Amino acid sequence: MEYEFIDTHAHLYLKAFKNDLEAVMARASANGVTRIFLPNLDSASIDEMHKICSQYEGICFPMMGLHPTSVKENYQDELAIIREKTDNNRYIAIGEIGIDLYWDKTYLEQQRDAFRTQLRWAKQQSLPVVIHARDSFEEIFEIMDQEHAPGLTGVFHSFTGNMDQLRKILAYGFYVGINGIVTFKNAGLEEVVKEIPEDRLLIETDAPYLAPVPYRGKRNESSYVTEVAGKIAQIIDRNIAGVASLTTKNALNLFKKAVTE
């Protein structure tokens, strides 16, 4: 393979991959995917994530965080576990963190607190953050405006926002993660993607979710990051090797601990 891809966001530790992870990894390798970054969800996902990162050392790299949809009444207990892990293990980022108001607004205040808390940990530990923003850009921006400081960096993953939201993210100095949604017919992302500076663009799958066309509706996997790259290449008038080169460089610039492992 003449080019290298990094899937900056995949949940390979979920049950969707339980029966054929080896084949999934082989297909990823065959498509030029050399590294896969794994964001955590909550305390229940930690052990399996660590296991896969050990099994595929040098290819799979773990993050640590509490996902907003896992924020419930017991979120302080969950955060305590997450903090203990970040204090005693090596991670490439704090993630996946953020606010999600798509499914349920019941725990909005708890989500705000968990997000703010984990942003502060990232600053303390000089780690980038991976932000999940679903129906919640304004809530996230409010907290980011208060917490942003020199040295805080990261990515808004699975970006589906508009031009104004993109400008806000870029003003923070953050990266923008694009996945299979960009291939969906009515996604409306093409004009926005054209405006992402090449040094701020990341590609991802969010596997097993959001499989790109022509696999839409099926289980997503890291090998399909090539479909994302191919669509981006069309949008920004580059060849796929150029997209691979620039997004790989960006990923390694942001997730520096995946370079120094």
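Everything discussed here concerns the structure shown above.
Here is a short report on the structure shown in this document.

1. Focus: the side chain of D206
Argument step 1. Within the secondary structure, D206 is located in the loop between β8 (201-203) and α8 (225-236).
Argument step 2. We note that D206 is buried and unpaired, the nearest opposite charge coming from R134 at a distance of 8.2 Å.

2. Points about the pattern of salt bridges
Argument step 1. Within this structure, the stated rule accounts for 17 salt bridges.
Argument step 2. Between E147 and K123 there is a salt bridge; the shortest N-O distance is 2.9 Å. Here E147, found in helix α5 (residues 137-147), pairs with K123, found in helix α4 (residues 108-125); they are 24 residues apart in sequence, far enough to count as distant.
Argument step 3. Take E147: its relative accessible area is 5%, and that puts it in the buried class.
Argument step 4. Given the relative accessible area of 30%, K123 is considered partly exposed.
Argument step 5. With a shortest N-O distance of 4.0 Å, R200 and D199 are connected by a salt bridge.
Argument step 6. Several salt bridges converge on common partners, so that one network encompasses D20, R27, R219 and E221.

3. Remarks on the nonpolar core
Argument step 1. Ranked by internal contacts, the top residues of the largest apolar core, which has 75 residues, are L12 and I178.
Argument step 2. Those residues in contact with I178, other than ones at most four positions away along the chain, are F159, V193, I196, L201, L202, I203, E204, V228 and I232.
Argument step 3. Within the second largest apolar cluster, 14 residues are counted, among which are F61, M63, I92 and Y175.

4. Here's the deal with the pairing of strand β4 (residues 94-100)
Argument step 1. Taken across its seven residues, β4 has seven buried, putting it largely inside the fold.
Argument step 2. Here β4 runs beside strand β5 (residues 129-134); their pairing, made up of five bridges, is parallel. Paired with I94 across the two strands is V129, which belongs to β5.
Argument step 3. Since β4 and β5 lie parallel, the crossover through α4 that links them has a hand, and here it is right-handed.

The rules behind the values
Residues numbered from 1 in each chain as written. Predicted model: local features only at pLDDT ≥ 70, side-chain atom pairs only at ≥ 80, totals over all residues. Heavy atoms only, no water. Helix = DSSP H or I, 4+ residues; strand = E, 2+ residues; numbered from the N terminus. Buried < 20%, exposed > 50% of the residue type's maximum accessible area, 1.4 Å probe, protein only. Lys, Arg positive; Asp, Glu negative; His and termini not counted. Salt bridge = Lys/Arg side-chain N within 4 Å of Asp/Glu carboxyl O. Core = buried A, V, L, I, M, F, W, Y, C linked by side-chain atoms within 4.5 Å. Contact = heavy atoms within 4.5 Å. Pairing = 2+ DSSP bridges. Right-handed = clockwise from strand over helix to strand, strands pointing away.

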